[in-house]
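# Remarks on the overall topology
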Amino acid sequence: MKTELERWQQLGNEVMAYGQDLIQAMIILVGGLILIRLLFRYLRPRLKRIIPRESVVSMITHGVSVILLFLVVTAALHHAGMREAVVFRVLALIAIGVVGVIVLFRPLLPSLPFKVGNTVEAGGLLGRVEATTALNTRLRTFDGKTVFIPNRMILNETVVNFHFTPTRQIRIAVTITYDADLIQAKTILTAILARDPRVLDKPAARVFVLNLTEDGVEIAVRPWVKNADYWRTRCDLLEIIKLRLDQEGIPFASPRRRVHLHESALEGAPAGKAPPPQGPEMNPSTPIRKGETA
Amino acid sequence: MNLKEAMQFIDQGWKRRLKGFRVHFERWDGTQWIPDHFPDPGSKPITSEVSAWELARRFAQATRPDQDPIGPGNTANVHVVDDLGNPVLFYGTHAPLGFNKKKDLPGSAG
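Now for a look at the structure at hand. (Residues numbered from 1 in each chain as written. Chains lettered and ligands numbered in written order. Predicted model: local features only at pLDDT ≥ 70, side-chain atom pairs only at ≥ 80, totals over all residues. Heavy atoms only, no water.)

### So, helix α5 (residues 182-195) of chain A
Its 14 residues give α5 of chain A an end-to-end C-alpha distance of 20 Å, which sits within 8% of 20 Å, the value for a rise of 1.5 Å per residue. Listed in full, the buried residues belonging to α5 of chain A are Ala-185, Ile-188, Leu-189, Ile-192, Leu-193, Ala-194 and Arg-195 of chain A. Of the surrounding elements, those touching the buried residues of α5 of chain A are β7 (172-176), β8 (206-212), β9 (217-222) and α6 (230-247) of chain A together with α2 (49-62) of chain B. Capping of α5 of chain A at its N-terminal end is provided by Asp-181 of chain A; its side-chain oxygen lies 3.2 Å from the backbone amide nitrogen of Ile-183 of chain A. (Helix = DSSP H or I, 4+ residues; strand = E, 2+ residues; numbered from the N terminus. Expected span 1.5 Å × (residues − 1). Buried < 20%, exposed > 50% of the residue type's maximum accessible area, 1.4 Å probe, protein only. Contact = heavy atoms within 4.5 Å. Polar contact = N/O pair within 3.5 Å; in protein donor to acceptor, adjacent residues only side chain to side chain.)

Structure below.
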């Protein structure tokens, strides 16, 4: 029976025999991992310049990093004394196991309703998805902020993904006064839409009376554009509509309030002095609808 | 005539949709005014009318001749044209508009 001292001696001998190889294998492994990380830190921005789609860049970098990781681990294990065939079998088994688990449980895992590179409205924020992890999603808003939204919040809320459909409808409401020429206004608005190269023929743009409000006639302007053109076209149309309607003498309606005063109320007041407001109908904060009398 | 046929007439008769805009100008090469455009006629035009006019205005400001004699690179008659080269009315006033008109340049007889 071996004594404790002999066991320690045997361990010491084994460390003397294989320790150097093990340390070198560890250096290969750690050095390889650091090199892979540095390589992708250098390559990723350059790939983004060549390939505009973020998802493709991610796929390429992840694929190449898995292959490089496989090579580094193989080299480290081989240096530690394992035979290539054994190393290959072990890594192949691990790879098959991982793939099998992913394929088996993938349908059960909750998936996010967008991909990297999509423009989405999630968690009350609008921006482009930069990256997704198991815990959160990194969103780049259009005012330059980087926001991390927890995935559980995204999964519990409504998400608008602007990439599922290639086109989008611009919704503009123009309110003109009741005495303005409605037909002329509609003709001008239709002509403005017909003139813009970004407005699509199909689905056709529409201009129609949406509502008769307290302030005026609300006209809906509904052109369809490509997703990428949405904001720019909307801003341009607003500017053109404002200037053209001004130029054509069609006034925009502004919130207005009519106050009717009873002559009897004025009769009792001293000369040159209006009577104080009486009752809710004289309260300036109470709107009086068109046609109503106080 | 059914509604579909009538709609085809309406669509065909409606004003031709512009494909884009270019900024047209004349450039002084030292001896004469040379007509030019940007973007070049072979390349994709500007799709935003507002942007086209904004570019025309800024381009005219940047290349406006400030002194007499007019030097190379100075421009005149800067305005926006459509994809066929026809002058476009300014969207704000629905009237022709041009920058750096020749009659307004220094040294011109008016």
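### A few points about the interface of chain B and chain A
Between chain B and chain A, the residue contacts involve 18 residues of the former and 18 residues of the latter. Taking both sides of the interface into account, the surface hidden between chain B and chain A amounts to around 1600 Å²; carbon and sulfur atoms contribute 51%. When the shortest N-O distance is used, the salt bridge between Glu-49 of chain B and Arg-195 of chain A registers 2.8 Å. Counting across the chain B and chain A interface gives 6 residue pairs in polar contact (both at pLDDT 80 or more). Looking at which element gives the most residues to the side of chain B that touches chain A, the answer is α2 of chain B, with 3 residues. Looking at the side of chain B that touches chain A, its residues break down into 7 nonpolar, 7 polar and 4 charged. (Buried area = accessible area lost by both parts, 1.4 Å probe. Salt bridge = Lys/Arg side-chain N within 4 Å of Asp/Glu carboxyl O. Nonpolar A, V, L, I, M, F, W, Y, C, P; charged D, E, K, R; others polar.)

### So, unusual backbone geometry
Here the amide bond leading from Lys-202 of chain A into Pro-203 of chain A is cis, since omega sits at -5°, within 30 degrees of zero. Here Pro-203 of chain A lies in the loop between α5 and β8. The omega torsion across Phe-38 of chain B and Pro-39 of chain B is -10°, close enough to zero to call that bond cis. The topology assignment puts Pro-39 of chain B in the loop between β2 (33-38) and α2. Of note in this structure, Asn-77 of chain B is not a glycine but carries a positive phi near 50°. Within the element layout of this structure, Asn-77 of chain B appears in strand β3 (residues 75-82). With a relative accessible area of 23%, Asn-77 of chain B lands in the partly exposed category.

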